[in-house]
Amino acid sequence: MEQQEERTVSFFRFEDLRVYTKATDYATWVTTNTAGHDGHKSLVGAFCHSAYDIALNIAEGSSRSKSQFDHYLKIAKTAIRECVVYTEVAANLGIFSAEVKEQSREFLMELTRMIGALIISLQRAAERHQVRGDAEADDYSSNDEMSY
């Protein structure tokens, strides 16, 4: 008989989203890789703020309806694009080496793909619920999104 793996669900459901974990990993990565660059405080501060905004918008949106979550995920994608710009400027200023710049871009591309997939999943779920006429169609309670 197979043993089923028990999965502990967090009180804060967004903590179970892989995309949230990836976003907090990126925020930590940015903070670490920009530390000690006091000559560029405004850039570093803005860069860190945008990196944090990715995770913050995922967390905030997850507590809302599916259509609102979709909106917050799109705001998170805006923060990703901001980080692309900050990455380029950090490289131009010598804060990031070519290798670190590439690592940042890889993080951001993966986050973009993950958020895009989650948006599509939410939109498909909303369409399925509309077809069935579910009363709770806009409630974020499906486990479909938990893998993102």
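Please refer to the structure placed before this passage.
Rules behind the numbers
Residues numbered from 1 in each chain as written. Predicted model: local features only at pLDDT ≥ 70, side-chain atom pairs only at ≥ 80, totals over all residues. Heavy atoms only, no water. Helix = DSSP H or I, 4+ residues; strand = E, 2+ residues; numbered from the N terminus. Buried < 20%, exposed > 50% of the residue type's maximum accessible area, 1.4 Å probe, protein only. Contact = heavy atoms within 4.5 Å. Salt bridge = Lys/Arg side-chain N within 4 Å of Asp/Glu carboxyl O. Core = buried A, V, L, I, M, F, W, Y, C linked by side-chain atoms within 4.5 Å. Axes fitted to C-alpha atoms, helices over the stretch in contact; angles between N-to-C directions. Parallel < 35°, antiparallel > 145°, perpendicular 65-115°, else oblique. Left-handed = near helix turned anticlockwise from the far one by under 90°.

Caption draft 1: The overall build of the protein chain, seen in detail. On a plain count of helices and strands, the protein chain comes out with 4 helices and 0 strands. Moving toward the C terminus, one meets the helices and strands of the protein chain in the order α-α-α-α. Sorting the 148 residues of the protein chain into buried and exposed places 40% on the buried side. Excluding contacts between residues fewer than 6 apart, the proportion of contacts in the protein chain whose partners are at least 24 apart in sequence is 74%.

Caption draft 2: Spatial organisation of the pattern of salt bridges. Going through the model one piece at a time under the given rule, you end up with 4 salt bridges. Between Lys-22 and Glu-110 there is a salt bridge, with its nearest N and O atoms 3.2 Å apart. Residue Lys-22 is located in helix H1 (residues 18–34), and its partner Glu-110 is located in helix H4 (residues 98–132); the two are separated by 88 residues in the primary sequence. Look at Glu-110 and you get partly exposed, because its relative accessible area is 31%. Across the salt bridge formed by Glu-60 and Arg-64, the nearest N and O atoms sit 2.4 Å from each other. A residue is classified by how much of its surface remains accessible, and Glu-60, at 32% relative accessible area, is partly exposed.

Caption draft 3: How the structure looks around the nonpolar core. Ranked by internal contacts, the top residues of the largest apolar core, which has 37 residues, are Val-19, Tyr-26, Ile-54, Ile-58, Leu-73, Phe-96 and Ile-115. At the level of elements, H1, helix H2 (41–62), helix H3 (66–92) and H4 are the ones that each hand at least two residues to this core. When neighbours within four sequence positions are excluded, Ile-54 is seen to be in contact with Ala-23, Tyr-26, Ala-76, Ala-79, Ile-80, Cys-83, Leu-108, Leu-111 and Ile-115.

Caption draft 4: The arrangement of the packing of H1 against H4 in detail. Remark: H1 packs on H4, axes separated minimally by 10 Å, with the N-to-C direction vectors making an angle of 160°. Between H1 and H4, the interaxial angle falls into the category roughly antiparallel. In this structure, the crossing between H1 and H4 has a hand that is left-handed. For the pair H1 and H4, the contacting residues are Arg-18, Val-19, Lys-22, Ala-23, Asp-25, Tyr-26, Trp-29 and Asn-33 in the first and Val-100, Gln-103, Ser-104, Phe-107, Leu-108, Glu-110, Leu-111, Met-114, Ile-115 and Leu-118 in the second.

Caption draft 5: Seen up close, the environment of Ala-76. With respect to the helices and strands, Ala-76 occurs in helix H3. When its relative accessible area of 0% is taken as the criterion, Ala-76 is described as buried. Placed 26 residues apart in sequence, Ala-76 and Ser-50 show a C-alpha to C-alpha distance of 8.8 Å. When sequence neighbours within four positions are dropped, the list of residues in contact with Ala-76 reads Ile-54, Asn-57, Ile-58 and Ile-115.

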